[in-house]
Amino acid sequence: MENAVRKLFERYESFFNQSLEGNSDMDEVASLYASHFIAASPAGVMTGKNDDQLKQVMAQGYAHYRAIGTKGMRIRHIRLSPIDEYHCVAHVSWTATYARKDQKDTTIDFDVHYLVQKLNGEAKVFGWVSGDEQALLKQHGIV
């Protein structure tokens, strides 16, 4: 499980950074996710389907990140909490770097907790729990 999850998030980090450079392949990005997923944050809980609408929303999200000056996302640490032989929670600590006009770059550390399922040797995200991203960005003067 651990090797499959680490490979999943190496790909996740790589695809995210490629998308920040404008070199995104939404089919590759969507391949990180299960056919359906759940997400929770202070904004609420939502469910979704891995389809063309997800790819469109993700492309818009990456465009937004580029527009606010996001230069890169880096994984600092991954810790797994096994649930059973097929599922775990991957606690991923990220560092985001933002370009700032007339200031040095700003880095923000944050955590996201991903629900991961491993079937047929392949790990995919089927959910995540995150904090208040907008409040964190406002606190650091990004938005």
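Given the structure is predicted, the values throughout are model-derived calculations rather than measurements.

A.B. asks: Would you take a moment to explain the nonpolar core for this structure?
C.D. replies: For soluble globular proteins, nonpolar side chains are generally found buried alongside one another. In this structure, Phe9, Tyr12, Val92, Trp94, Tyr114 and Val116 are the most contacted members of the largest nonpolar core, which totals 35 residues. If you list the elements that add at least two residues to this core, you get helix 1 (2–20), helix 2 (26–30), strand 1 (33–41), helix 3 (52–67), strand 3 (70–82), strand 4 (87–98), strand 5 (106–119) and strand 6 (122–130). Examining the composition of this core, we find that 8 residues originate from one element, helix 1, more than from any other. Not counting the four nearest positions on each side in its chain, Val92 is found in contact with Phe9, Ile75, His77, Ile78, Phe110, Asp111, Val112 and Tyr114.

A.B. asks: Mind showing me how you'd approach the packing of aromatic side chains here?
C.D. replies: Describing an aromatic ring pair means giving the distance of the ring centres and the angle of the ring planes. For the coordinates displayed, the defined rule picks out 10 aromatic pairs. Summarising the aromatic geometry, the rings of Tyr12 and Tyr114 are spaced 5.6 Å apart at their centres and angled 65 degrees between planes, so their arrangement reads as edge-to-face. Here Tyr114 lies in strand 5 and Tyr12 lies in helix 1, a separation of 102 residues in the sequence. The exposure classification of Tyr12 matches that of Tyr114, with both residues buried. Ring pairing ties together the aromatic residues Phe9, Tyr12, Tyr33, Phe37, Trp94, Tyr114 and Trp128, which thus form one cluster.

A.B. asks: Can you walk me through the side chain of Arg100 in this structure?
C.D. replies: Positionally, Arg100 belongs in the loop between strand 4 and strand 5. Although Arg100 lies buried, it forms no salt bridge, and the closest oppositely charged side chain, Asp105, sits 8.1 Å away as judged by the N-O distance. Reaching out from Arg100, the side chain makes a polar contact with the backbone oxygen of Gly141 at a distance of 2.9 Å. Among all residues touching Arg100, those that are not within four sequence positions of it are Asp105, Thr106, His140, Gly141 and Ile142.

A.B. asks: Teacher, can you tell me more about unusual backbone geometry here?
C.D. replies: Note: most peptide bonds trans; most residues except glycine with negative phi. In this model, Asn120 sits at a positive phi of 50 degrees, which is unusual for a non-glycine residue. You can see Asn120 is positioned in the loop between strand 5 and strand 6. By relative accessible area, Asn120 is classed as exposed at 84%.

A.B. asks: How do you make sense of helix 3 when you look at a structure like this?
C.D. replies: Along an α-helix, residues three or four positions apart point the same way, because every turn accommodates 3.6 residues. Taking 1.5 Å of rise per residue, the 16 residues of helix 3 would be expected to cover 22 Å, and the 23 Å separating its terminal C-alpha atoms lies within 8% of that figure. Within the span of helix 3, buried status applies to Leu54, Met58, Tyr62 and Tyr65. Summarising the axial view, the buried residues of helix 3 lie within an arc of 75 degrees, below the 170-degree limit, and thus occupy one face. Every exposed residue of helix 3 that faces more than 90 degrees away from the buried side is listed here: Asp52, Gln53 and Ala67. Each element contacted by the buried residues of helix 3 is listed here: helix 1, helix 2, strand 1, strand 2 (44–49), strand 3 and helix 4 (133–139). Taking the backbone nitrogen of Gln53 as reference, a side-chain oxygen 3.1 Å away marks Asp51 as the first, capping residue of helix 3.

Conventions and cut-offs
- Residues numbered from 1 in each chain as written.
- Predicted model: local features only at pLDDT ≥ 70, side-chain atom pairs only at ≥ 80, totals over all residues.
- Heavy atoms only, no water.
- Core = buried A, V, L, I, M, F, W, Y, C linked by side-chain atoms within 4.5 Å.
- Buried < 20%, exposed > 50% of the residue type's maximum accessible area, 1.4 Å probe, protein only.
- Helix = DSSP H or I, 4+ residues; strand = E, 2+ residues; numbered from the N terminus.
- Contact = heavy atoms within 4.5 Å.
- Phe/Tyr/Trp six-rings, centres within 6.5 Å; stacked < 30°, edge-to-face > 60°.
- Lys, Arg positive; Asp, Glu negative; His and termini not counted.
- Salt bridge = Lys/Arg side-chain N within 4 Å of Asp/Glu carboxyl O.
- Polar contact = N/O pair within 3.5 Å; in protein donor to acceptor, adjacent residues only side chain to side chain.
- Expected span 1.5 Å × (residues − 1).
- Arc of directions from axis to C-beta.

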